[in-house]
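Chain residues, written in single-letter form:
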Amino acid sequence: MTKQFKATWGEGYVNPGSKVITFDDITEENGWDVYNIDKLENAYIGEVVNCSDISGILFVERIA
């Protein structure tokens, strides 16, 4: 089963709001840094990971 996440981007981002994404979306090519990719790869269902950076606030919850 593909890991699913609910990502919530804050006002500092171009398109703030929430969206369901899969682990396949979490790549360096899509702007994710290696540190956050590693944290999310090991996240358990229900865990919320703070992936905020200089662009703004970003929280990602593993939902499946």
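The paragraphs below set out a description of the structure included in this document. (Residues numbered from 1 in each chain as written. Predicted model: local features only at pLDDT ≥ 70, side-chain atom pairs only at ≥ 80, totals over all residues. Heavy atoms only, no water.)

Attention now goes to the nonpolar core. If you look at the biggest cluster of nonpolar residues, it comprises 13 residues, and the most contacted ones within it are Ile 26, Trp 32, Leu 40, Cys 51, Leu 58 and Val 60. Every element with two or more residues in this core is listed here: β1 (4-9), α1 (34-41) and β4 (58-62). Apart from residues no more than four positions distant in its own chain, Trp 32 is found in contact with Trp 9, Ile 21, Asp 25, Ile 26, Thr 27, Ile 37, Leu 40, Cys 51, Leu 58 and Val 60. (Core = buried A, V, L, I, M, F, W, Y, C linked by side-chain atoms within 4.5 Å. Buried < 20%, exposed > 50% of the residue type's maximum accessible area, 1.4 Å probe, protein only. Helix = DSSP H or I, 4+ residues; strand = E, 2+ residues; numbered from the N terminus. Contact = heavy atoms within 4.5 Å.)

Turning next to the pairing of β1. For β1 and strand β2 (residues 17-22), the ladder comprises six bridges, and the chain directions are antiparallel. Residue pairing in the sheet places Ala 7 in a bridge with Lys 19 of β2. Relative to β4, β1 runs antiparallel, the two sharing five bridges. Residue pairing for β4: Trp 9 is matched across the bridge by Leu 58. (Pairing = 2+ DSSP bridges.)

Here we take up a nonpolar patch on the surface. Taken together, the side chains of Val 48, Ile 57 and Phe 59 define a hydrophobic patch exposed on the protein surface, amounting to about 270 Å² of accessible area. Locating Phe 59 in the fold gives a position in strand β4. (Patch = residues over 30% accessible without salt bridge, like charges linked within 9 Å, V, L, I, M, F, W, Y side chains within 5 Å. Areas by Shrake-Rupley, 256 points an atom, 1.4 Å probe, with all protein chains shown as cover. Salt bridge = Lys/Arg side-chain N within 4 Å of Asp/Glu carboxyl O.)

Shape is all these values report; function is a separate question.
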